[in-house]
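Topology and contacts: notes
The lines below spell out each chain.
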Amino acid sequence: MLIEVDEGRCVGCGRCAADCVGSNLRVEAGVARVRGRCILCGHCVAVCPEEAVSIPCLDMADVEPAAPAAETIDAAALLRAVKSRRSVRDYLPRRVGDEALSLVLEAGRYTATAKNAQGCRFVVVQDGLGELKRIVWDGIDGLLALPEGEQPRWTGPYRAFARDVRRDPGRDFLFRNAPAALFVAAERADDAGLAAQNMELVAAAAGLGALYNGYLCRAVEGIAQAREFIGADERPLQVCMLLGHPAVSYARTAPRKPGDFVVR
């Protein structure tokens, strides 16, 4: 059984049954009972005022009192933070700390996923970034050395990238000078994209900068040795973010086109 109800704690309020998306719970004789169907969304745990519900197969030790955004974050301040974010392309020579990295990864872990699949794999390369760089650039050179008709179509723009980095390692279009790279693998691109957005917000709050790097993501996805090095499985790499402490600061937000909004 996936869900457990502590009958000594349960007061039969019915909140878990009313909020269960799978109609998996019902109150009988003043106690919540489990019917058997469950997608492990955790709403029953979250809504119970008596801490009577648990899902032992999940990480119950990480459950904590809720802090709804409406009660803890000013909406206008959050919007200003969103407007203030920038794609960071220059980083300080400083390691990303374990505590900040843990917060970023937890933001990805707790992001909503379609059908509650929780199917994202998050890969951080920091200590091994130098080796990953070697594998990626050697892999790109190898692919570009193939006869023209045998080169993967995606390698076209990488010829200029490879030329520049060989001439001057400081002109590394893929890795910049970031101390860490974070990859998200998932079957669904929207699951990975939602996780990346939450991770970037938490990274910014931790004083980090990020750059979404589709070129690096595509290269690692297309080079078998690079995929093996980062620990990828059969799930495609959907997102890559460079992470580090920004070497540049911005005095104001950047302008945008007028909003294309439809409100009915």
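Note that the structure is a prediction, hence the values are computed from the model and not measured.

Looking now at the overall build of the protein. The secondary structure content of the protein amounts to 10 helices and 8 strands. Taking 18 Å as the expected radius of gyration for a compact globule of 264 residues, we find that the protein reaches 23 Å, considerably beyond that expectation. By the burial criterion, 34% of the 264 residues in the protein qualify as buried. Of all intrachain contacts in the protein linking residues separated by at least 6 positions in sequence, the fraction that spans at least 24 positions is 75%. Put simply, the protein shows about 16000 Å² of open surface, and 52% of that area lies on carbon and sulfur atoms. Of the side-chain charges in the protein, 33 are positive and 34 negative, and the distance between the mean point of each set is 8 Å.

On to the packing of helix 6 (residues 129-144) against helix 7 (residues 158-167), then. As a packed pair, helix 6 and helix 7 sit with axes 10 Å apart at the nearest point and diverge in direction by 125°. Judged on the interaxial angle alone, helix 7 and helix 6 are oblique. Between helix 6 and helix 7 lies a crossing whose hand is left-handed. Along the contact surface, helix 6 presents W137, D138, I140, D141 and L144, while helix 7 presents Y158, R159, F161, A162, V165 and R166. Its residues assigned to classes, the contact of helix 6 with helix 7 comprises 7 nonpolar, no polar and 4 charged.

Inspection of the entire model under this criterion finds 6 aromatic pairs. Relative to Y158, the ring of W154 lies with its centre 5.0 Å away and its plane at 90°, an arrangement referred to as edge-to-face. Of the two residues, W154 and Y158, neither departs from the other in class, the shared state being buried. Relative to F161, the ring of Y158 has its centre 5.4 Å away and its plane inclined at 70°; by these criteria the two rings are edge-to-face.

Right, let's get into the pattern of salt bridges. Counted according to the given criterion, the structure contains 18 salt bridges. In this structure, D59 and R109 form a salt bridge, with 2.9 Å as the shortest nitrogen-oxygen distance. With a gap of 50 residues between them, D59 in the loop between strand 4 (53-54) and helix 3 (69-72) and R109 in helix 5 (residues 98-109) connect regions that are remote in the sequence. On the basis of relative accessible area, D59 is assigned to the partly exposed category, the value being 37%. Residue D233 pairs with R121 through a salt bridge whose shortest N-O separation is 3.9 Å. Taken together, the positions of D233 in the loop between helix 10 (224-230) and strand 8 (237-244) and R121 in strand 5 (residues 121-125) put the pair 112 residues apart, joining distant regions of the chain. Each of E131, R134, D138, D141 and R166 takes part in one network of salt bridges that share partners.

Cut-offs and rules
Residues numbered from 1 in each chain as written. Predicted model: local features only at pLDDT ≥ 70, side-chain atom pairs only at ≥ 80, totals over all residues. Heavy atoms only, no water. Helix = DSSP H or I, 4+ residues; strand = E, 2+ residues; numbered from the N terminus. Rg over C-alpha atoms; globule rule 2.2 N^0.38 Å. Buried < 20%, exposed > 50% of the residue type's maximum accessible area, 1.4 Å probe, protein only. Contact = heavy atoms within 4.5 Å. Areas by Shrake-Rupley, 256 points an atom, 1.4 Å probe, with all protein chains shown as cover. Lys, Arg positive; Asp, Glu negative; His and termini not counted. Charge placed at Lys NZ, Arg CZ, Asp CG, Glu CD. Axes fitted to C-alpha atoms, helices over the stretch in contact; angles between N-to-C directions. Parallel < 35°, antiparallel > 145°, perpendicular 65-115°, else oblique. Left-handed = near helix turned anticlockwise from the far one by under 90°. Nonpolar A, V, L, I, M, F, W, Y, C, P; charged D, E, K, R; others polar. Phe/Tyr/Trp six-rings, centres within 6.5 Å; stacked < 30°, edge-to-face > 60°. Salt bridge = Lys/Arg side-chain N within 4 Å of Asp/Glu carboxyl O.

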